[in-house]
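Structure assessment
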Amino acid sequence: MPRVSLAAAAAKLQIERIAALDDAGPQLNAVIALNPDAAAQAQAAERAGLPLSGLTVLIKDNIETRELPTTAGSLALKDNLTGRDAPLVANLRAAGGVVLGKTNLSEWANIRDDDSTSGWSAVGGLTRNPHDPARNTCGSSSGSGAAVAAGFAWAAIGTETNGSISCPASINGIVGFKPSVGLVSRRHVVPISSTQDTAGPMAKDVLRAARLLGAIAAEDAADPVTMIVPNRRADYTEGLSEHSLRGVRIGVMRKQIGKNDGVRGEFTKALADLERAGAVLVDIDFEPNQEMYSDSFTVLLFELREEMGKYLGSLPGEDMPRSLADLIRFNEQNASTEMQYFGQGLFELAESTTDREAYEKARENAVRIAGRETLDRLLDDYEVQFLVAPTRGPAWVSDLGNGDTYDGSIGFGSPAAIAGYPHLTVPMGQVDGLPVGISFFGAKWSDHDVLKAGAAYERARTSQIPVPDFGAWMPSKR
């Protein structure tokens, strides 16, 4: 009888951990489905000597994998077993990574309604935070963030349109990387926006995130934006372990720190750590042009209707929805399960957003303001290589009746999301035992440099990073 490999043994232990903590115990609801052949595939990949050697990865359930349905959290797609791998998943397997299963998410990547609760889907229920199951996981890559924090897999893959990797990574106390739009193919991924959508890695540390990025990133002729990436890299881990911040100028976004004293205190410690590592900090007092946000919203609505129709039309199954209008009708007909907590106001608004000329004008304006007039301008005017800000505040208490309640004054992620620039969040400390992260932003295509800076900060970090205990939150003693 052949000996079980280390990778297969690890996969089996992770599946047992999911059974104990996700399906039972605190019932995190982070994992929607498991790959029954994961352990065998891990053993085969390790013995084949492939680069990732059978390491397990959980995939957000808006990304197609051949062995499991891809639901986007909606009952409308509960039978969406396409038998296809998204190219990013095919690349992962070719590198020796193993799909352990699919993770829960904010249904439809949180584009259905303004009053939604992050981490809830009709398929998976409410994802719970491993640092306190009463707290939210943010979204929309909710399950991916919670699962990595809980130790359910070596790493996970999320997707982001605006904040959907960075926010759950920060709130669950892990690393999340939204790459420049174009590094990773979006084909066979349930879409929102062709302008802003991208998949990216979520992991315990920057090195793992960089290693996973190298496995999934590649050209795809069917996703033209991937064909224009300059100087595409095969290995994003190169230089991470020895990179120095000595003499590196970093811009500090002072107006995006917010008013939470705990976040402000941890960010102050993080800045001190960066200075001790040799970085030169430059204060920046800046408020972006508000037109960027309203125009980006128009872009998301217009592209949602168009891109969703294209995706649904590509599905091989019978009796599948084929348009956004079909999804709206499905939700109306299944309101007791799909709309028991919130409606579909954004879906309905998107269905009526049809003015192409207005869309094209809004898209040009939003991308220009976010990129050239915000990120590029700040990097150039202040002669800095990176910008930093807190990612988000600590996790809030989940409330299905009233939706999300978070401090929107904290963070600077929207310009990078709208312009398609890289955004890395790294754990920087804790506020009353709840994790908070620091964000690093760079120029378009500076992904490797941003990862190196994050890894250098990670080594210099002095604040304590909380470990999930899966128990109820208790206030700290003063």
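Reading the values: the criteria
Residues numbered from 1 in each chain as written. Predicted model: local features only at pLDDT ≥ 70, side-chain atom pairs only at ≥ 80, totals over all residues. Heavy atoms only, no water. Salt bridge = Lys/Arg side-chain N within 4 Å of Asp/Glu carboxyl O. Buried < 20%, exposed > 50% of the residue type's maximum accessible area, 1.4 Å probe, protein only. Helix = DSSP H or I, 4+ residues; strand = E, 2+ residues; numbered from the N terminus. Contact = heavy atoms within 4.5 Å. Pairing = 2+ DSSP bridges. Axes fitted to C-alpha atoms, helices over the stretch in contact; angles between N-to-C directions. Parallel < 35°, antiparallel > 145°, perpendicular 65-115°, else oblique. Left-handed = near helix turned anticlockwise from the far one by under 90°. Nonpolar A, V, L, I, M, F, W, Y, C, P; charged D, E, K, R; others polar. 1 Å grid on protein atoms, 1.4 Å probe; cavity = no way out; pocket = protein on both sides within 12 Å on 5 of 7 lines; lining within 4 Å. Points joined across faces, edges and corners; volume = space filled by probe spheres on them.

**So, the pattern of salt bridges**
Counted by the stated rule, this structure contains 25 salt bridges. Where Arg208 meets Asp205, a salt bridge forms, and the shortest distance between an N and an O atom there is 3.6 Å. Classification of Arg208 as partly exposed rests on a relative accessible area of 28%. The partner of Asp285 in a salt bridge is Lys255, and the shortest N-O contact between them spans 3.3 Å. In this pair, Asp285 sits in the loop between β10 (280-284) and α8 (291-313) while Lys255 sits in the loop between β9 (249-253) and α7 (261-276), placing the two residues 30 residues apart along the sequence. Each of Arg66, Glu67, Asp85 and Arg93 takes part in salt bridges that share partners, so that together they form one network.

**Here's the deal with helix α3 (residues 87-94)**
All of the buried residues along α3 are Pro87, Leu88, Val89, Leu92 and Arg93. Packed against the buried residues of α3 are α2 (38-47), β2 (56-60), β3 (98-103), β6 (155-160), β8 (198-203) and α6 (206-216). Two residues or fewer after α3 comes Gly96, characterised by a positive phi angle close to 95 degrees.

**Overview of the pairing of strand β13 (residues 434-441)**
Most of β13 sits inside the fold, with 8 of its 8 residues counted as buried. Residues Leu434, Val436, Ile438 and Phe440 of β13 are buried on one face, and the alternating residues Pro435, Gly437, Ser439 and Phe441, pointing to the opposite face, are buried as well. Sheet topology note: the strand β11 (residues 386-390)/β13 ladder contains 4 bridges and is antiparallel. Considered in β13, the bridge of Pro390 is made with Ile438. Pairing geometry for strand β12 (residues 423-431) and β13, over 8 bridges, is antiparallel. Bridged to Leu424 within β13 is Phe440. Linking β12 back to β13 in an antiparallel pair, the connection comprises 2 residues, with Asp432 at a positive phi of about 50 degrees.

**Focus on the packing of α8 against helix α12 (residues 356-381)**
At a minimum axis separation of 8 Å, α8 and α12 run at an interaxial angle of 130 degrees. Judged by the angle between their axes, α8 and α12 are oblique. Judged by the sense of rotation from one axis to the other, the crossing of α8 with α12 is left-handed. Across the interface between the two elements, Glu291, Met292, Asp295, Ser296, Thr298, Val299, Phe302, Glu303 and Glu306 of α8 pack against Arg356, Tyr359, Ala362, Arg363, Asn365, Ala366, Ile369 and Ala370 of α12. In the contact of α8 with α12, the residues fall into 8 nonpolar, 3 polar and 6 charged.

**Focus on the layout of surface pockets**
Taken as a whole, the largest pocket holds about 1,200 Å³ of empty space. Considering the residues around the largest pocket, the lining is formed by 47 residues, among which Asn162, Gly163, Arg392, Tyr406 and Ser414 are closest to the centre. When contributions to the lining of the largest pocket are tallied by element, the ones reaching two or more residues are α5 (166-172), α8 and α13 (413-419). Secondary-structure elements contributing two or more residues to the lining of the second largest pocket are α8, α12 and α13. Here the lining of the second largest pocket is composed, by residue class, of 15 nonpolar, 5 polar and 10 charged.

**Quick word on the environment of Asp273**
One can find Asp273 in helix α7. For Asp273, a relative accessible area of 1% puts it in the buried group. Considered as a pair, Asp273 and Glu458 are 185 residues apart in the sequence and their alpha carbons are 9.4 Å apart. In contact with Asp273, other than residues within four places in its own chain, are Tyr457, Ala460, Arg461, Thr462 and Ser463.

**With respect to unusual backbone geometry**
Here the bond from Gly139 into Ser140 is cis, since omega is 15 degrees, no more than 30 degrees from zero. Tracing the backbone through its elements, the reader meets Ser140 in the loop between β5 (125-126) and α4 (142-149). For Ser53, which is not a glycine, the phi torsion comes out positive at approximately 50 degrees. Position of Ser53 among the secondary structure elements: in the loop between α2 and β2. With relative accessibility at 31%, the residue Ser53 sits in the partly exposed group. We note that His188 has phi near 60 degrees; this positive angle belongs to a residue other than glycine. Position of His188 among the secondary structure elements: in the loop between β7 (175-178) and β8.

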